[in-house]
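Architecture and fold: a report
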Amino acid sequence: MKVLEKVAKALYDGDADEVVELVQKALSEDIDATAILNDGLVAGMNVVGADFKEGTMFLPEVICCAEAMKLGVNELRPALAAANKESVGTFLIGTVEGDVHDIGKNLVAVMFEGAGFTVHDIGVDNKPEDFVKAIETFKPTIVGLSALLSTTMPAMQRTIEAVVEAGLRDQVKILVGGAPINADFADKIGADGYAGDAVAACDLAKAL
Ligand code: B12
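Throughout what follows, the structure given in this document is the object of discussion. (Residues numbered from 1 in each chain as written. Predicted model: local features only at pLDDT ≥ 70, side-chain atom pairs only at ≥ 80, totals over all residues.)

**Re the overall build of the chain**
Quick note on the threshold: Numbering goes from the N terminus for both helices and strands, where a helix is a DSSP run of H or I of at least four residues and a strand is a run of E of at least two. With C-alpha atoms as the basis for the radius of gyration, the globule rule is written as 2.2 Å multiplied by the number of residues raised to the power 0.38. Backbone-placed C-beta atoms define the burial measure: a residue is buried with 20 or more other C-beta atoms within 10 Å of its own, exposed with 12 or fewer, and partly exposed in between. We call two residues in contact when their backbone-placed C-beta atoms lie within 7 Å.
Across its full length, the chain carries 9 helices and 5 strands. Secondary structure elements of the chain occur, N-terminal to C-terminal, as α-α-α-α-β-α-β-α-β-α-β-α-β-α. On C-alpha atoms alone, the chain measures out to a radius of gyration of 17 Å, which is about the 17 Å that the 2.2 N^0.38 rule sets for 208 residues. Over its C-alpha atoms, taken along the principal directions, the chain stretches across nearly 55 × 40 × 25 Å. Here the chain, with 208 residues, has 41% of them falling under the buried criterion. Considering only residue pairs separated by 6 or more positions, the chain has 75% of its internal contacts joining residues 24 or more positions apart.

**Points about the pairing of strand β3 (residues 142-146)**
Let me state the cut-off plainly: Two strands qualify as a pair provided DSSP detects at least 2 bridges between them. Consider the strands pointing away from the viewer: the crossover is right-handed when the path from the first strand over the helix to the second runs clockwise.
Burial of β3 is extensive: 5 of the 5 residues sit out of reach of the surface. A two-sided burial pattern is seen for β3, the buried positions comprising Ile142, Gly144 and Ser146 on one face and Val143 and Leu145 on the other. As paired strands, strand β1 (residues 89-95) and β3 are joined by 5 bridges and run parallel to one another. Its bridge partner being in β3, Thr95 is matched across the sheet by Ser146. Here β3 pairs with strand β4 (residues 173-177) via 5 bridges, running parallel. Residue pairing across strands places Gly144 opposite Leu175, the latter belonging to β4. Regarding the hand of the β-α-β motif, the stretch spanning β3, helix α7 (residues 153-165) and β4 is right-handed.

**Thoughts on the site of the ligand**
Our working definition: Any residue qualifies as near a molecule or strand once its backbone-derived C-beta atom lies within 6 Å of it. Ten residues, namely Ala, Val, Leu, Ile, Met, Phe, Trp, Tyr, Cys and Pro, are considered nonpolar, four, namely Asp, Glu, Lys and Arg, are considered charged, and the remaining ones, Gly among them, are considered polar. These domain limits were set by an automatic method or by a database of domain assignments.
Around the ligand, the structure places 37 residues, and the nearest of them are Gly49, Ile103, Gly104, Gly144 and Gly177. Of all elements in the fold, only α3 (33-54), α4 (59-82), α5 (103-114), β3, β4 and α9 (198-207) reach the threshold of two or more residues within the shell around the ligand. Element by element, the count of residues in the shell around the ligand is highest for α3, at 6 residues. Tallied by class, residues from the shell around the ligand come to 22 nonpolar, 10 polar and 5 charged. Structurally, the shell around the ligand is a two-domain feature, drawing no fewer than three residues from each of domain 1 (3-82) and domain 2 (89-207).

**With respect to unusual backbone geometry**
Although it is not a glycine, Asp125 sits at a positive phi angle of roughly 55°. At Lys139, a residue that is not glycine, the phi angle is positive and equals roughly 50°. One can find Lys139 in the loop between α6 (128-138) and β3. Taking the number of C-beta atoms within 10 Å as the measure of exposure, Lys139 has 13 and is therefore partly exposed.

That's the geometry; what it means functionally is another story.
Laid out in structure tokens, this is it:
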């Protein structure tokens, strides 16, 4: 089995120590950090998602996989960031109110760091006013809202409305993303763009 397949399997098994060890091994073999992320960690998490949906994997196991993912991404962070040293802009990202999913958000943050943005990650379960406060504090050029639940999609709209009410809307571009989000929904709630994965998000941000 190749090292990236082993990373994916260790992630699926929720074995954080093994994931960290294998990511280090892959880096020492000069495998590109983006490939380790996409073909190792994300590939493993995709299988977790599919099995969770089918009911052959359960929440406690998914939590172990999520922890392994987090540690694996942390291990990759310096290598992903090394490519770009000059800041090309400031990016603020957070998961919206009522939603604690952060794996995808963290990946987007890492990708933006790697692309040379200064990144402020305000974590999960952020009320609209938390985003407004963070925009006032960090003065980002781009704001990313993440949601993984259909029940928390309306919180994206409330967040954008709060940014408008605070008079900050013309100072930032707002990107939305997460598994249930699509371009139509982004249009409907007045976002500036939607991207389906971290790489596309980065490309879109640079274009904006
Ligand atoms: C891991 C996971 C969890 C973990 C989260 C741990 C963590 N720290 O994040 C735990 C166990 C805590 C969890 C809890 C729950 N979960 Co959950 N979870 C998942 C799972 C299996 C994987 C999500 C994931 O990390 N994917 C991998 C990442 C890399 O992908 P991603 O998040 O989609 O992100 C990518 C893109 O979407 C995009 N992106 C993401 N954010 C952003 C932001 C911007 C700005 C942009 C541009 C792009 C972008 O780029 C990312 C990287 O490429 C999904 C299944 C799935 N297929 O998505 C269910 C899933 C999201 N969960 C689900 C549910 C129902 C729940 C619970 C309600 C379960 C329960 N009964 O308690 C709770 C809700 C808790 C809460 N209030 O938020 C459902 C949601 C259904 C729906 N449509 O609403 C899903 C789809 C599973 C299912 N099929 O039923 N979950």
